[in-house]
Amino acid sequence: MDHLQRLRTFVAVAESGSFAQGARLREVSAPAATRAVASLEQHLGALLLQRTTRSLRLTEAGEAFLADCRRILGELDMAEAAVTGARREPHGTLSVTAPALFGSRHIAPLLFEFLDRHPALQARALFTNRLVHLIDEGLDVALRIAVLPDSGLTAVPVGHMRVVVVGSPAYLQAQGEPTTPAELKQHRAIGLAIEGQERSSWSFGQGRHSPAPHERLVVNANDVRVAAAVAGQGLARALAYQVTDEVRDGRLRVVLAAHEPEPVPVHLVYPAGRGAAAKVREFVHFAAERLRALPVLQGQGLEAPAPVPRRLTPSTSARR
């Protein structure tokens, strides 16, 4: 097996987390894949993969080498496609991560459609509210709802997300609707505490902080927080996509809309830039187009549906 094929085999094994699966992706035997990676390690004089009877994980050197291999092989694929004019069909395993609720509602359907379009492709989805480090954890693409720090990742903007305060009609009728952030101190609320993340503050336009309501209930999942708000347990601060259905069908109402902070930018991010593999470039292009069409990513989607016009009964005079 030549050096280029050894590199491709190493990438397939590392991305799939298995010699057997990597071998199937490369259409070689499992022993051949094992020999290829061992030969590559011997050539480099470094251990790339830690092997146990139950698992396979990249070493620190392996993680860095995998990122370089992806970039180099991606650039080679692009160069070949430019010369031949051919469009390389995505293959291998595509790994995608997104916040848990947004992932299940909006990324998963895109991933299903993308897999239907590309039969040679496999996928792995990690929907979680913790911050996932793409390179460290061997993932290809992430959806981020945040102001992005400077990094070596390529970021593709797909929209922005409102940050809203909501309450149930029953709660607002009983406790009154706040008209200014200062009135929040008279209300109770549902807090959110996710492991590894700072508690979000009740800040409003231009970063102004206001007295926080009493968080009588604190939960660790966005869907539970929304359910608690619907049940009248208090006000909840949420990203717009988390409460779209509840607001549109009247179970929740947005309050303090005039005091909302700036919307949060939303991006698809991935490593390697132009050198990204075909599967990554194709998915990012496909997903960005779909996501930009979502009203909730364009500051819309929380409006109540337009009432259905009543069918007028012809008057007696009209019948004559």
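Residues numbered from 1 in each chain as written. Predicted model: local features only at pLDDT ≥ 70, side-chain atom pairs only at ≥ 80, totals over all residues. Heavy atoms only, no water.

Novice: So what exactly am I meant to see when it comes to helix α8 (residues 222-230) here?
Specialist: For the α-helix, the turn length of 3.6 residues means that residues three or four positions removed from each other point alike. Listed as buried for α8 are Asn222, Arg225, Val226, Ala228 and Ala229. Buried residues along α8 cover an arc of 160° about the axis, so they all sit on one side. Elements that come into contact with the buried residues of α8 comprise α5 (100-117), β8 (188-192), β9 (214-219), β10 (236-239) and α9 (244-248). With its phi angle positive at about 85°, Gly232 sits one or two positions after the end of α8. (Buried < 20%, exposed > 50% of the residue type's maximum accessible area, 1.4 Å probe, protein only. Helix = DSSP H or I, 4+ residues; strand = E, 2+ residues; numbered from the N terminus. Arc of directions from axis to C-beta. Contact = heavy atoms within 4.5 Å.)

Novice: Would you take a moment to explain the pairing of strand β4 (residues 121-127) for this structure?
Specialist: It is a general feature of regular strands that their side chains alternate between the two faces of the sheet. The sheet contact formed by strand β3 (residues 92-98) and β4 spans 7 bridges and is parallel. Of the residues in β4, the one forming a bridge with Thr93 is Gln122. On the question of chirality, the crossover connecting β3 to the parallel β4 by way of α5 is right-handed. (Pairing = 2+ DSSP bridges. Right-handed = clockwise from strand over helix to strand, strands pointing away.)

Novice: Sorry if this is basic, but what is going on with the confidence of the model for the protein chain here?
Specialist: Regions with low pLDDT should not have their predicted coordinates read in detail. Residues at a pLDDT of 70 or more form 86% of the protein chain, whose mean pLDDT is 85. A low-confidence stretch, residues 316-320 stays under pLDDT 50, and its non-local contacts, those more than four residues away or across chains, total 2 contacts. (pLDDT = per-residue confidence, 0-100.)

Novice: In this structure, what is going on with unusual backbone geometry? I would like to understand it.
Specialist: Across residues other than glycine, the phi torsion is negative in most instances, and most of the peptide bonds are trans. Non-glycine residue Glu27 carries a positive phi angle of around 60°. Examined against the element boundaries, Glu27 turns out to sit in the loop between α2 (19-26) and α3 (30-44). Unusually for a residue other than glycine, Leu256 sits at a positive phi of about 60°. With respect to the helices and strands, Leu256 occurs in the loop between β11 (253-255) and β12 (264-270).

Novice: Could you clarify how one ought to interpret the packing of aromatic side chains in this entry?
Specialist: Two aromatic rings, taken as a pair, are described by how far apart their centres are and by the angle between their planes. A complete count under the given rule lists 4 aromatic pairs for this structure. An angle of 85° between the planes, with centres 5.0 Å apart, marks the rings of Phe102 and Tyr241 as edge-to-face. In this pair, Phe102 sits in helix α5 while Tyr241 sits in the loop between β10 and α9, placing the two residues 139 residues apart along the sequence. For the residue pair Phe102 and Tyr241, the accessibility class agrees, reading buried in each case. Taken together, the ring pairs connect Phe114, Phe283 and Phe286 into an aromatic cluster. Taking NZ or CZ as reference, Arg237 lies 4.8 Å from the ring centre of Phe204, over its face. (Phe/Tyr/Trp six-rings, centres within 6.5 Å; stacked < 30°, edge-to-face > 60°. Lys NZ or Arg CZ within 6 Å of the ring centre and 35° of its normal.)

Novice: Teacher, can you tell me more about the packing of α5 against helix α10 (residues 278-291) here?
Specialist: Geometry of a packed helix pair, given as the angle between the helix axes and the separation of the axes. Following both chains from N to C, one finds α5 and α10 inclined at 125°, their axes separated by 11 Å at the closest point. One element, α5, and the other, α10, form an angle in the oblique class. As for how α5 packs across α10, the hand of that crossing is right-handed. Contacts from Phe102, Ile107, Leu110, Leu111, Glu113, Phe114 and Arg117 in α5 reach Lys279, Glu282, Phe283, Phe286, Ala287, Arg290 and Leu291 in α10. Here the residues of the contact of α5 with α10 are counted per class, giving 9 nonpolar, no polar and 5 charged. (Axes fitted to C-alpha atoms, helices over the stretch in contact; angles between N-to-C directions. Parallel < 35°, antiparallel > 145°, perpendicular 65-115°, else oblique. Left-handed = near helix turned anticlockwise from the far one by under 90°. Nonpolar A, V, L, I, M, F, W, Y, C, P; charged D, E, K, R; others polar.)

Novice: Help me understand the side chain of Thr59, please; the structure alone is not making it clear to me.
Specialist: Following the sequence through the fold, Thr59 ends up in the loop between β2 (56-58) and α4 (60-84). A distance of 2.7 Å separates the side chain of Thr59 from the backbone oxygen of Leu47, its partner in a polar contact. If sequence neighbours within four positions are ignored, Thr59 has contacts with Leu47, Leu48, Leu49 and Gln50. (Polar contact = N/O pair within 3.5 Å; in protein donor to acceptor, adjacent residues only side chain to side chain.)

Novice: Help me understand the environment of His285 in this model?
Specialist: Within the fold, His285 resides in helix α10. Once the C-alpha coordinates of His285 and Leu268 are considered, the two residues, 17 residues apart in sequence, prove to be 9.7 Å apart.

Novice: I tried to follow the nonpolar core on my own but got confused; where do I start?
Specialist: What tends to happen in soluble globular proteins is that the nonpolar side chains get buried as a cluster. Judged by nonpolar contacts, the single largest core of 48 residues is most densely connected at Met161 and Leu268. At 7 residues, α10 tops the list of elements feeding residues into this core. In contact with Met161, other than residues within four places in its own chain, are Phe102, Ile145, Leu239, Ala240, Tyr241, Pro263, Val264, Val266, Val296 and Leu297. With 18 residues, the next largest nonpolar core counts Leu7, Leu48, Leu66 and Cys69 among its residues. (Core = buried A, V, L, I, M, F, W, Y, C linked by side-chain atoms within 4.5 Å.)

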